[in-house]
Amino acid sequence: MMHIDIFKALSNETRLEILRWLKEPKQHFDNPPGKDPENIDEKGGVCVGVIQKKAQLSQSTTSQYLSMMQKAGLLKAERKGKWTYYRRNEKTIQDVSEYIKEEL
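Residues numbered from 1 in each chain as written. Predicted model: local features only at pLDDT ≥ 70, side-chain atom pairs only at ≥ 80, totals over all residues. Heavy atoms only, no water.

**Q** Go over helix H5 (residues 59–71), please, and point to the residues and values.
**A** Relative to the 18 Å expected for 13 residues at 1.5 Å per residue, H5 spans 18 Å between its end C-alpha atoms, a close match to the ideal helical length. Of the residues making up H5, those classed as buried are Thr62, Tyr65, Leu66 and Met69. Down the axis of H5, the sector holding all buried residues measures 95°, keeping them to one side. In H5, those exposed residues whose orientation departs by more than 90 degrees from the buried face are Gln64 and Lys71. (Helix = DSSP H or I, 4+ residues; strand = E, 2+ residues; numbered from the N terminus. Expected span 1.5 Å × (residues − 1). Buried < 20%, exposed > 50% of the residue type's maximum accessible area, 1.4 Å probe, protein only. Arc of directions from axis to C-beta.)

Now the structure itself:
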């Protein structure tokens, strides 16, 4: 049985939009040269501040949304110095897709 936290995380349009953006981060987020931090890391993770700016949310709401999706297993987070980068957890997303296809 799928964990209810995944469906709670997916029940918000902005969180769904963030997952869509993170599917192809280079299309949705700028990565200007010479900026600190770089907006997109080498693994495709996106800096929290850049997600916040694009989503037009407060820092606390953005952090809450990202944390909720990470706890549900939809996102992975990686800390680099004082910056945290988020990227999709493709395995969990694939598992959810299979669950919906097979069970619902």
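The rest of the description comes next.
**Q** Residue-level account of the packing of helix H2 (residues 13–23) against helix H4 (residues 48–55), with values.
**A** Across the interface, H2 lies against H4 with an axial gap of 11 Å and an inter-helix angle of 125°. Accordingly, the angle class assigned to the pair H2 and H4 is oblique. Crossing of H2 over H4 shows right-handed handedness. Judged by residue contacts, Thr14, Ile18, Trp21 and Leu22 of H2 engage Ile51, Lys54 and Ala55 from H4. Split by residue class, the contact of H2 with H4 holds five nonpolar, one polar and one charged. (Axes fitted to C-alpha atoms, helices over the stretch in contact; angles between N-to-C directions. Parallel < 35°, antiparallel > 145°, perpendicular 65-115°, else oblique. Left-handed = near helix turned anticlockwise from the far one by under 90°. Contact = heavy atoms within 4.5 Å. Nonpolar A, V, L, I, M, F, W, Y, C, P; charged D, E, K, R; others polar.)

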